[in-house]
Amino acid sequence: MYRPLLSLFFIALISPYLHAQMNMSQDSKMSMQMPGQNDKSMDTNMEMNMGGPTATLSENILRHTASGTDVEPNSTTPPMFMEMHRNWMLMLHGQASIVEQQQTGPRGSDKLFSVNWLMPMAQRDFGKGELTLRAMLSLEPATISGRFYPELFQQGETAFGKPIVDGQHPHNLFMELAALYDYKLSSQTLLNLYLAPVGDPALGPVAFPHRASAGDNPLAPLGHHLEDSTHIAWEVVTTGVTIHMLHLEGSAFHGREPDENRWHIEVGGFDSWSGRMTVTPTRDWSAQYSIGHLHSPEQLHPEEDVLRQTASIAYHHAWQAATFDGLALWGRNHTVGTPTNWNGYLLEGQALVQNHHAIWTRIENVDRTTDLLGASAPAEETVIGRVQAYTGGYAYRIHHGSWGTADLGAQGTFYDTPTALRQLYGDHPVGVAAVLKFQLGK
């Protein structure tokens, strides 16, 4: 029961630093100038790195506020802290949610836990380009007891040597340690390089912990292991090119998903690859298609390689009194050398109204496999049914201060059980969760 309170400690630990660093007024920050920059270019750079909307895809790439080298719409405004220190632009993102989850049905269970992450960043001009250093850290190995939190119909990875069934594993302490370099060929043309002992290859959309469309939903999508589970991968190298509204990338990385020791960094060598194309036709829209070959990703099926494909369309728009973020996503795993395919479809959105009311939804239609049977599952993984999950939630902003925001709310998820699993789950199990979320930055 004490572990979710570590999230509060996570925030409190850095609050004095944030208070001191953010004392500098906006005027004084805007008056600071990097060597070689005029006032106009500095204003543009400051707006970009403070999370304001960007005019071009190149500017969006350069701010690097999503996971890995992922891209959200140019108009997205991620919350963060920022200040200049000598030639470095320093930024900090982070959030922590304390969740009380309860579920009905024969397999339903309850738990108090916390999901959380913190992302410090530093950027500076370097030669004819921009250097970015970024880390992402999480205390979830400590704030999620028993090595997973309950989530009906979720599957993937292991806890204490057994398959995780109806639960979601925690993230690692080190979610990302990366260096990025973007070489500027012109104002809208970049060459991109991403190096990370632990990071996110070019496969899938922006990972769910960072998506604006899932900002207040603390639970992982059921299709996580079909869509964006590679957002924590080992030994990642990504190269790319950005030309006007087009971003092309290729990655090499280690394909095995993290083991149960969530406190360390693993090694293994390059054995997997991926490629991704991202297009931003307007400031409010972005779309991506990606494909990757994952070598032995699952500990439960070490002999299986997986070919993964994803496609997604993201949308962001701001009105005077409201903002909206949405995502439509498809993910598919194909077990190489077999006829086995399983698909996941997701539609999610979140609106912030009058800066106080957050409303969100997530709708999923996801294939489930024999791994849900746990110990009685056959050795060969096959699809046994498709689950529908319908989530709706609301939160009220109870605090908006210099350090960030706090939202208090709740969500409910209603499931439609496939025929083959109704004896195990019942026809329509339900999950409800109370959520207290802290968000750093504005």
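Everything numeric here is computed off the predicted structure, so don't read it as measured data.

Conventions and cut-offs
Residues numbered from 1 in each chain as written. Predicted model: local features only at pLDDT ≥ 70, side-chain atom pairs only at ≥ 80, totals over all residues. Heavy atoms only, no water. Helix = DSSP H or I, 4+ residues; strand = E, 2+ residues; numbered from the N terminus. Buried < 20%, exposed > 50% of the residue type's maximum accessible area, 1.4 Å probe, protein only. Contact = heavy atoms within 4.5 Å. Areas by Shrake-Rupley, 256 points an atom, 1.4 Å probe, with all protein chains shown as cover. Salt bridge = Lys/Arg side-chain N within 4 Å of Asp/Glu carboxyl O. Phe/Tyr/Trp six-rings, centres within 6.5 Å; stacked < 30°, edge-to-face > 60°. Lys NZ or Arg CZ within 6 Å of the ring centre and 35° of its normal. pLDDT = per-residue confidence, 0-100. Lys, Arg positive; Asp, Glu negative; His and termini not counted. Patch = residues over 30% accessible without salt bridge, like charges linked within 9 Å, V, L, I, M, F, W, Y side chains within 5 Å. Polar contact = N/O pair within 3.5 Å; in protein donor to acceptor, adjacent residues only side chain to side chain. Pairing = 2+ DSSP bridges.

Engineer: Tell me about the overall build of the chain, and please be specific about residues and values.
Structural biologist: A tally of helices and strands in the chain yields seven helices and 19 strands. Within the span of the chain, comprising 442 residues, buried residues form 56% of the whole. Sequence-distant contacts in the chain: of pairs separated by 6 or more residues, those separated by 24 or more amount to 63%. Surface summary for the chain: the accessible area is close to 17,400 Å², and the carbon and sulfur share equals 63%.

Engineer: Give me the environment of valine 435: which residues, what numbers.
Structural biologist: On the secondary structure map, valine 435 appears in strand β19 (residues 430-440). Between the C-alpha atom of valine 435 and that of valine 99, which follows or precedes it by 336 residues, the distance is 4.7 Å. The residues touching valine 435, leaving out its near neighbours within four places in the chain, are Ser97, Ile98, Val99, Asp216, Pro218, Asp407, Leu408 and Gly409.

Engineer: Describe the environment of phenylalanine 208, listing the residues and the values that go with them.
Structural biologist: Relative to the assigned elements, phenylalanine 208 resides in the loop between β8 (189-199) and α6 (224-227). For phenylalanine 208, a relative accessible area of 7% gives the class buried. A C-alpha to C-alpha distance of 6.9 Å links phenylalanine 208 and alanine 220, two positions 12 residues apart in sequence.

Engineer: Now, about the pattern of salt bridges: what can you tell me, with residues and values included?
Structural biologist: Overall, the coordinates contain 14 salt bridges when judged by the stated rule. Note that arginine 211 is salt-bridged to aspartate 228, the shortest N-O span being 3.2 Å. One end of the pair, arginine 211, is in the loop between β8 and α6; the other, aspartate 228, is in the loop between α6 and β9 (233-243), and 17 residues separate them in sequence. As a salt-bridge pair, arginine 397 and aspartate 407 come within 2.9 Å of each other at their nearest N and O atoms. Taken as a pair, arginine 397 in strand β17 (residues 383-400) and aspartate 407 in strand β18 (residues 404-416) lie far apart in primary sequence, 10 residues in all. Per residue, the accessibility class of arginine 397 equals that of aspartate 407, and both read buried. Taken together, the salt bridges that share partners define one network made up of Arg211, Asp228, Glu348 and Arg362.

Engineer: Summarise the packing of aromatic side chains; cite the residues concerned and give the values.
Structural biologist: By convention here, two paired aromatic rings are described through the distance between centres and the angle between planes. Scanning all chains against the criterion turns up seven aromatic pairs. Seen in terms of ring centroids, phenylalanine 153 and tyrosine 425 are 4.1 Å apart; in terms of plane orientation they differ by 20°. Their pairing is stacked. Linking phenylalanine 153 in strand β5 (residues 149-159) with tyrosine 425 in helix α7 (residues 422-425), this pair joins segments that are 272 residues apart in sequence. Judged by relative accessible area, which is 0%, phenylalanine 153 ranks as buried. A centroid spacing of 6.3 Å and a plane angle of 40° characterise the contact between tryptophan 403 and phenylalanine 438, whose relative ring orientation is tilted. One end of the pair, tryptophan 403, is in the loop between β17 and β18; the other, phenylalanine 438, is in strand β19, and 35 residues separate them in sequence. Overall, the relative accessible area of 22% leaves tryptophan 403 in the partly exposed class. Judged by its relative accessible area of 13%, phenylalanine 438 is buried. Here the basic side chain of lysine 111 rests over the ring of phenylalanine 148, its NZ or CZ set 5.3 Å away from the ring centre.

Engineer: Quick one: what's the story with the confidence of the model for the chain, residue by residue and with numbers?
Structural biologist: Any segment with low pLDDT has predicted coordinates that should not be analysed in fine detail. Here the chain shows a mean pLDDT of 89. Residues at 70 or above account for 88%. For the stretch residues 9-50, pLDDT sits under 50, and the model shows 64 contacts to residues farther than four places along the chain or on other chains.

Engineer: Just give me the short version of the side chain of glutamate 304, but keep the residues and values in it.
Structural biologist: As for its placement among the helices and strands, glutamate 304 is situated in the loop between β12 (285-294) and β13 (306-318). No salt bridge forms around the buried glutamate 304; measuring N to O, its nearest opposite-charge neighbour arginine 256 is 10 Å away. Discounting residues that sit within four places of it in the chain, glutamate 304 has contacts with Ser296, Pro297, Thr335 and Glu381.

Engineer: Could you give an account of a nonpolar patch on the surface, naming the residues involved and the relevant values?
Structural biologist: On the surface, a cluster of nonpolar side chains totalling about 470 Å² of accessible area is made up of Ile359, Tyr394, Tyr396, Ile398 and Leu408. No other element matches β17, which puts three residues into the nonpolar patch. You can call tyrosine 394 partly exposed: its relative accessible area is 36%.

Engineer: Describe the side chain of glutamate 249, naming the residues involved and giving the relevant values.
Structural biologist: Structurally, the position occupied by glutamate 249 is in strand β10 (residues 246-254). Note on glutamate 249: relative accessible area 9%, which makes it buried. For glutamate 249, the side chain forms a polar contact with the side chain of threonine 69, separated by 2.3 Å. There is a polar contact of 3.5 Å between the side chain of glutamate 249 and the side chain of histidine 247. Setting aside residues no more than four positions away along its own chain, glutamate 249 makes contact with Thr69, Ala202, Thr238, Thr239, Gly240, Ser274, Gly275, Arg276 and Thr278.

Engineer: I'd love a proper account of unusual backbone geometry, names of residues and values included.
Structural biologist: In this model, arginine 147 sits at a positive phi of 70°, which is unusual for a non-glycine residue. Turning to its location among the elements, arginine 147 is positioned in the loop between α5 (140-143) and β5. Even without being a glycine, histidine 244 presents a positive backbone phi close to 55°. Turning to its location among the elements, histidine 244 is positioned in the loop between β9 and β10.

Engineer: Can you explain the environment of proline 281? Please cite residues and give values.
Structural biologist: Topologically, proline 281 is positioned in strand β11 (residues 272-282). Note: C-alpha distance between proline 281 and leucine 57 (224 residues apart in sequence) is 9.3 Å.

Engineer: Lay out the pairing of β10 in plain terms, naming residues and giving numbers.
Structural biologist: When β9 meets β10, the two strands line up antiparallel, connected through eight bridges. Considered in β10, the bridge of threonine 239 is made with glycine 250. Where β10 lies against β11, eight bridges are found, and the strand directions are antiparallel. Along β11, the bridge assignment pairs serine 251 with serine 274.

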